[in-house]
Structure formats: C-alpha cells, structure tokens
Amino acid sequence: MEDNFSIIKILAGHNKNGPVHEELPAMPLDDGSYRLLASPGLALGLAKNDLISLNEEGKARLLKHGGNFCIQIYLENLDEAKISRITELVHSKLAGSIDGTGGGALAFSIPISNGFEKTNDIFDQVRSITESEYFYSNIYKNPENPNDETLTDWADKLET
C-alpha cells in the first residue's frame, strides 16, 4: 500500500440503527478528492483506484473509474487455506488482489482488461471453493437498485 494514505469512511447503506460506514484506505488528493487504495466489501459502485469525492455524510461520488472490477462475496466461514488458494488463483490468473476478508465479506480488485468472460471463468472456480455466489458491485449505473441491471458506460463497452 502507498505511503501517506488516509482511512476514509464511506457510506455503505443504512440499517435499523442508522447509517453504516465502511472504512477504506485512500490517497488524499490536492483537490479534496481521494483515490481508493482498496475495493470495498460493503459499499457499492466503487473499486480500487477510483477517484471519488465524499459529502459530509460520507456518500461517495465517482469522479473517474480506476480500471478495476470490484467483486464481492459474502459468506459465513472461510478458513485460511481457502483464502490462500483463492488469493493465488486471483493473482496468478487475473493479476487481481483480495483487498479485504472481514466480517463475512471478501472484496476483490480485478483489472477490467481481463474482460467479463475470463473474470467469470476464474470466479466460477472461486465460487466452487467458497460455495458462495460472487457479485460485480461496480458495473451497474444504479447499484442501490437491485432491479436495475443497466451497466455503466465503461462496463457496457466491455460487453461489445
């Protein structure tokens, strides 16, 4: 990870107790924006290397896509041997990284240069290891609406 980073709190949603924030490492920039240094495990619509701004409540606004898919997996238990196996698979086959493993969430950063087909092939193997589904959390225009499957402009261009 880079030197001189900050931990920022990004609004990831709300529960019965109020707002839920996720802490992520980010590089503060001179204009008040941030470059994310890891993909989130809870927040939607963001990935490692994205340039973002934050409002007072911690809601992130994407300023520029950073060239990565953020893939999230939620599961109950995952032992260290499986995490090591998944980490090696994602790194060796996709030049990706696992950015977080806390609270039942796994967060991955995968360069979009791999495309959907290759990424899906590898994450189908990850799904077999974890016995849990994976989710591209930053490819949809409206990630807060699970019924809206409209892709972002950059993700739509990968499809063609």
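The model shown is predicted, which means the values in this text are computed figures rather than measured ones.

(A) Quick peek at the sheet that holds strand β6 (residues 68–74). In space, the 4 strands of this open sheet follow the order β7-β8-β6-β9, with antiparallel pairing throughout. If you trace the sheet from one side to the other, it starts and ends with β7 (97–100) and β9 (134–136), each paired once. Ignoring which end each strand starts from, the neighbouring axes of this sheet average 30° apart. Where β6 lies against β9, 3 bridges are found, and the strand directions are antiparallel. Residue pairing across strands places Ile-73 opposite Tyr-134, the latter belonging to β9. Helix α1 (residues 80–94) rests against β7 and β8 (105–111) of the sheet, and its axis sits at about 15° to β8. Helix-sheet contacts for helix α2 (residues 115–130) involve β6, β8 and β9, and the interaxial angle to β6 is about 20°.

(B) The arrangement of the packing of aromatic side chains in detail. In the structure shown here, the tally under the stated rule is 8 aromatic pairs. Ring geometry for Phe-108 and Phe-123: centres 5.0 Å apart, planes at 85°, overall edge-to-face. Residue Phe-108 is found in strand β8, and its partner Phe-123 is found in helix α2; the two are separated by 15 residues along the sequence. Summarising the burial analysis for this pair, Phe-108 and Phe-123 share the class buried.

(C) A look at α1. Between its terminal C-alpha atoms α1 stretches 21 Å, which fits the 21 Å expected from 15 residues at 1.5 Å a residue. Regarding α1, the residues found buried are Ile-83, Ile-86, Leu-89, Val-90 and Leu-94. Projection of α1 onto a plane perpendicular to its axis shows the buried side chains occupying an angular sector of 130°, all on one side. Opposite the buried face of α1, by more than 90 degrees, sit the exposed residues Glu-80, Ala-81, Arg-85 and His-91. Check the buried side of α1 and you find it contacts β7, β8 and α2. Of the residues that open α1, the one with a side-chain oxygen 3.1 Å from the backbone nitrogen of Ala-81 is Asp-79.

Conventions we followed
Residues numbered from 1 in each chain as written. Predicted model: local features only at pLDDT ≥ 70, side-chain atom pairs only at ≥ 80, totals over all residues. Heavy atoms only, no water. Pairing = 2+ DSSP bridges. Helix = DSSP H or I, 4+ residues; strand = E, 2+ residues; numbered from the N terminus. Axes fitted to C-alpha atoms, helices over the stretch in contact; angles between N-to-C directions. Contact = heavy atoms within 4.5 Å. Phe/Tyr/Trp six-rings, centres within 6.5 Å; stacked < 30°, edge-to-face > 60°. Buried < 20%, exposed > 50% of the residue type's maximum accessible area, 1.4 Å probe, protein only. Expected span 1.5 Å × (residues − 1). Arc of directions from axis to C-beta. Polar contact = N/O pair within 3.5 Å; in protein donor to acceptor, adjacent residues only side chain to side chain.

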